[in-house]
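Fold and contact review
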Amino acid sequence: PLHEAARAREHPPGKITAAGDKGNKQESLETRAFFINMLWKQTALTNRSKVCIVSVTSADQQGLRKMVFPWIQYHLEVGVGRFYLFYDGSDERALQLLQRLEAVHVVPLQAPFANQSTVVDLSNFEKGHKQWGGRPGNYALMVKQAFAIKSAIAHAKWENMDWILHLDQDELFVGDKERTSNIAELLHSQPRHVGSVKFFNNEAYPEQEDVSNPFDQVTLFKVNPALCPASMAQQRWKAVIGPNRRVILLYGNGKSAARLDAPGLRQAGPHEFRADRSQRWVTPENPDGDWVIQKSESSTILHYAYCTIDAVLQKAERSCPPEYKRAAILNDRNKTKECFVIDFDQDAYHVATRGDPDEIRSFFLARVVLEPGAVGKCYKQGRPGYCLLEDVEGLKTYLLRVGLLQRSLLPQRILRMHERMIQNLLRVPHLL
């Protein structure tokens, strides 16, 4: 019944159209790279930030246009000064474009682009990883992320950076509206005994099917349970649609930034850092010099997960090695579970691998998109069940008012401003 309801949906009136050029065109990539370099130089004139981001990417040219370049632009605007991108893709031109960016230090991970020493170091790291080494899928990715973070810590120390943060390209930092939207100002204002700051993640909630540019078109987010008002804990189910078992579909433990001068600084997976107890941290508030992680209650990470049908389709291409596809087609969940940490990722992989466009669309609508015609949990005659959400706008208004949803427009505003500037450059190419 849930998928039947999803199939019955019509395109909602008043849908948000993506700003900028046609999202699939890559002709403007040279101009966009020029703009990023110009933006980096301008921000450096006012404030040379000592905050850096590390990330692993396999983006091709289309991925650069739609996600990676806007991700870099946005974070330059909010105070990031340096990026360490570990390239795990196969698109040579995409790699060359990344290497032109002055704010970005690029490290290819695979042949033929990578140095032989990097290939050997990564292979040894994967073999020696006690927790996830030798495991496929999400676990293999987390090992690569761990290698990238370890390597980036060394690079960043050599370049005299102060703070490091690991983010994926579908994640954007949003600062405290009342204090500052600038991550460098926020981190440099931390008390001396705080070695790390954890930012909880709010997860994107698309409000329409036709999303081509998530950073521009998606502005509604499910608030992380750690940030929800305690009085609303029993009401969170009202923000759940379809057969989803929880509000946050993917991870909910946030991402952390850490001081690079921390004694013994090391990654503890993709979400946190660890360091040693030290005199470095001794203050009246921390007399024993413990490693202190400050949890931010106002600055967050916006996670744009599964905002498009393409994001579901891509699960079949990159989540598991090819030998797992037959298991997915046969719905052998015990076998495919070897690839996945999170159940929703596994569900998406099964649907995408079967390759039925109608099933993929139904899955996306039933479990991801909050629009008229969605099905939510409800109680019928005192028993739990499912109901068509007839007044979706009223539901959103209520959930926003009580703090279970959040509207965030800052990325849209910044990137639309950037897009206008880029379009001006495209009209007068002699300025490049």
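Counting of residues starts from 1 at the beginning of each chain's written sequence and follows it residue by residue. Per-residue local features of the predicted model are confined to residues with pLDDT of at least 70, and side-chain atom pairs are confined, for both listing and counting, to 80 or more; whole-chain, interface and lining totals are unaffected and use all residues. The basis for the side-chain values is all heavy atoms of the structure; hydrogens and waters are excluded.

1. Details of the pattern of salt bridges
Whenever Lys or Arg places a side-chain nitrogen within 4 Å of a carboxyl oxygen from Asp or Glu, that contact is recorded as a salt bridge. Scanning all chains against the criterion turns up 25 salt bridges. Where Glu 203 meets Lys 222, a salt bridge forms, and the shortest distance between an N and an O atom there is 2.9 Å. With a gap of 19 residues between them, Glu 203 in strand 6 (residues 196-204) and Lys 222 in strand 7 (residues 220-222) connect regions that are remote in the sequence. We note that Glu 203, like Lys 222, is buried. It is possible to trace a salt-bridge network through shared partners that takes in Glu 207, Glu 393, Lys 396 and Arg 407. We count a stretch as a helix when DSSP gives it H or I for four or more residues in a row; a strand needs E for two or more, and each element gets its number in order from the N terminus. We call a residue buried when its accessible area falls under 20% of the maximum for its residue type, exposed when it is over 50%, and partly exposed in between, using a 1.4 Å probe and counting protein chains only.

2. What about unusual backbone geometry?
Residue Ala 111 is joined to Pro 112 through a cis peptide bond whose omega torsion reads 5°. Its place among the elements puts Pro 112 in the loop between strand 3 (104-108) and helix 5 (116-128). Positive phi values are uncommon outside glycine, yet Asn 331 reaches one of about 60°. On the secondary structure map, Asn 331 appears in the loop between helix 11 (325-329) and helix 12 (333-336).

3. Quick look at the pairing of strand 5 (residues 171-174)
Along any regular strand, the residues point their side chains to alternate faces of the sheet. Of the two faces of strand 5, the one lined by Glu 171 and Phe 173 and the one lined by Leu 172 and Val 174 are each fully buried. If DSSP finds at least two bridges between two strands, the strands pair. As judged from the 4 bridges shared by strand 5 and strand 11 (residues 293-303), these two strands associate in the antiparallel manner. Its bridge partner being in strand 11, Leu 172 is matched across the sheet by Leu 302.

4. Here we look at the state of the cysteines
Only a pair of cysteine sulfur atoms within 2.5 Å qualifies as a disulfide here. What the rule picks out here adds up to 1 disulfide. Here Cys 320 pairs with Cys 339 through a disulfide, and the sulfurs are 2.3 Å apart. Of this pair, Cys 320 sits in the loop between helix 10 (315-318) and helix 11 while Cys 339 sits in the loop between helix 12 and helix 13 (343-354), and the two are 19 residues apart along the sequence. No disulfide involves Cys 307; its nearest neighbouring cysteine sulfur is the one of Cys 228, lying 18 Å away.

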